[in-house]
Amino acid sequence: MRELPLVFFTVLTQTAVGAWLILMISEATRPASWTTPVTVGGRQWPRWPLALLMAACVFDVAILISTSHLGQPVRAVNTLFRMGASPMSTEIALASLFCAAAGISALVMLFQIGPRWTGRTLAWLAVVAGIAFLTAIPQVYRISTVATWESNWTPAIMWLTSLVTGGALAALLGARRLGLVISLIGIVVSFCIRPAYLAWLMQANAELAPRQTTWFTAQLVLLAIAVCAGLWTLWRERRYSMVALNLVLVVVAELVGRIAFYNLWTLPMA
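Residues numbered from 1 in each chain as written. Predicted model: local features only at pLDDT ≥ 70, side-chain atom pairs only at ≥ 80, totals over all residues. Heavy atoms only, no water.

On to the nonpolar core. Note that soluble globular proteins tend to have their nonpolar side chains buried in a common cluster. With 81 residues, the main nonpolar core has Trp20, Leu23, Phe133 and Tyr141 as its most contacted residues. Looking at this core, the elements with two or more residues in it are helix H1 (4–29), helix H2 (47–66), helix H3 (87–110), helix H4 (116–140), helix H5 (153–173), helix H6 (176–204), helix H7 (213–235) and helix H8 (240–263). Discounting chain neighbours no more than four positions away, the residues touching phenylalanine 133 are Phe9, Thr13, Val17, Phe59, Glu91, Leu94 and Ala95. (Core = buried A, V, L, I, M, F, W, Y, C linked by side-chain atoms within 4.5 Å. Buried < 20%, exposed > 50% of the residue type's maximum accessible area, 1.4 Å probe, protein only. Helix = DSSP H or I, 4+ residues; strand = E, 2+ residues; numbered from the N terminus. Contact = heavy atoms within 4.5 Å.)

Following this line, the structure appears as structure tokens:
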């Protein structure tokens, strides 16, 4: 199970960045929906910055989990010296940039520090860093010696994760309708491309691909349940418990699918 920290790292960072992007779009298109403050600890806080801070915290948790995969975490900074030449160095640098820009911007806006444009500028810088980060992650796995990873399917399934789980997290944090719609669209697209993806995996590695049937089946079942929960939430049920359930379903589904992805290397996590 040595790759398990990377499973959580990739899924949770993609979730956080996806949620950040959706929250930014939601506030830009419907700013009036974020005007009602939220009471936490007996104090009222602006909803949108608080939601952004929660998304940034998910990203931070993912970073902390990833350090358990490093033999000597304190030396991780050394990888930055090969930024641009090494996909992993680029990924780490962009993760650091997003983490800093997202965290600082959310705190600046939450506590209303300095001019209003400061926090918003940093928040949009985080958007740029986040998109670049989502683009960089798949490049780490485009390894010529791993046939099941070296294809356009790798960035496709990872970008879909940011839509599916990021949309669900954004829905829980306040962008309910937009987040759920984006999450459901991501799931539908995932269902549509799955037959072609699995067929390609069988051609790429006829030995390892069939061993992931249980994992992929579990992922599809969880996503199917999430579709039902998401549609029910959009049409009938408005409670946060249903939105939270939908988030749990899609995150677990993507974690299961990511385990299958890493199993397509050489050392199955089973």
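Here the focus is the pattern of salt bridges. Inspection of the entire model under this criterion finds 3 salt bridges. Two residues, arginine 120 and glutamate 27, come together in a salt bridge whose shortest N-O distance is 3.0 Å. Placement of arginine 120 in helix H4 and of glutamate 27 in helix H1 is noted, with a sequence separation of 93 residues between them. Owing to a relative accessible area of 24%, arginine 120 belongs among the partly exposed residues under this scheme. Here arginine 142 makes a salt bridge to glutamate 150, at a shortest N to O gap of 2.8 Å. Residue glutamate 150 is classed as partly exposed on the basis of its relative accessible area of 33%. (Salt bridge = Lys/Arg side-chain N within 4 Å of Asp/Glu carboxyl O.)

Turning our attention to the packing of H1 against H8. Any two packed helices are characterised by the angle at which their axes cross and by the distance between the axes. Running from N to C, H1 and H8 point in directions that differ by 130°, and their axes come no closer than 9 Å. By the criterion of interaxial angle, the relationship of H1 to H8 is oblique. As for how H1 packs across H8, the hand of that crossing is right-handed. Here H1 contributes Leu4, Leu6, Val7, Phe8, Thr10, Val11 and Gln14 to the contact with H8, which in turn contributes Val251, Glu254, Leu255, Arg258, Ile259 and Tyr262. Taken together, the residues of the contact of H1 with H8 sort by class into 9 nonpolar, 2 polar and 2 charged. (Axes fitted to C-alpha atoms, helices over the stretch in contact; angles between N-to-C directions. Parallel < 35°, antiparallel > 145°, perpendicular 65-115°, else oblique. Left-handed = near helix turned anticlockwise from the far one by under 90°. Nonpolar A, V, L, I, M, F, W, Y, C, P; charged D, E, K, R; others polar.)

Now for the state of the cysteines. One pass over the full model with this rule turns up 0 disulfides. Not part of a disulfide, cysteine 57 finds its nearest cysteine sulfur in cysteine 99, a span of 9.3 Å. Judged by relative accessible area, which is 34%, cysteine 57 ranks as partly exposed. The thiol of cysteine 192 is unpaired, and the distance to the nearest cysteine sulfur, on cysteine 228, comes to 16 Å. (Disulfide = S-S within 2.5 Å.)

Turning next to H6. Each full turn of the α-helix corresponds to 3.6 residues, which orients residues three or four apart in the same direction. If you check H6, its first and last C-alpha atoms are 39 Å apart, about what 29 residues at 1.5 Å a residue would give, namely 42 Å. Along its length, H6 shows its largest kink, about 45°, at arginine 194, and proline proline 195 lies within four residues downstream of that point. Listing the buried residues of H6 in full gives Arg176, Gly179, Leu180, Ser183, Leu184, Gly186, Ile187, Ser190, Arg194, Tyr197 and Leu201. Of the surrounding secondary structure, the elements contacted by the buried residues of H6 are H1, H5, H7 and H8. (Expected span 1.5 Å × (residues − 1). Bend = angle between axes of the 7 residues up to and from the residue.)

All right, on to the packing of aromatic side chains then. The full count for this structure, using the stated rule, is 14 aromatic pairs. Seen from their ring centres, tyrosine 141 and phenylalanine 261 are 5.7 Å apart, and the 85° between their planes marks the pair as edge-to-face. Taken together, the positions of tyrosine 141 in the loop between H4 and H5 and phenylalanine 261 in helix H8 put the pair 120 residues apart, joining distant regions of the chain. An identical accessibility class is assigned to tyrosine 141 and phenylalanine 261; each is buried. Measuring from centroid to centroid gives 6.0 Å for tryptophan 149 and tyrosine 262, while their planes differ by 90°, and the two rings are edge-to-face. With tryptophan 149 in the loop between H4 and H5 and tyrosine 262 in helix H8, the pair connects residues that are 113 residues apart, well separated along the chain. You'll find tryptophan 149 and tyrosine 262 in the same group, each marked buried. The structure contains a cluster of three or more aromatic residues connected by ring pairs, namely Phe9, Trp20, Phe59, Phe98 and Phe133. Here the basic side chain of arginine 176 rests over the ring of tyrosine 240, its NZ or CZ set 4.4 Å away from the ring centre. (Phe/Tyr/Trp six-rings, centres within 6.5 Å; stacked < 30°, edge-to-face > 60°. Lys NZ or Arg CZ within 6 Å of the ring centre and 35° of its normal.)

The next thing to look at is the packing of H4 against H5. Contact pair H4 / H5: the axes reach a minimum separation of 8 Å and the direction vectors enclose 140°. As the angle between them shows, H4 and H5 are arranged oblique. Once H4 is placed against H5, the crossing between them reads as right-handed. Each of Ile131, Leu134, Thr135, Ile137 and Pro138 in H4 lies in contact with H5, whose residues at this interface are Thr154, Pro155, Met158, Trp159 and Ser162. Its residues placed into classes, the contact of H4 with H5 shows 7 nonpolar, 3 polar and no charged.

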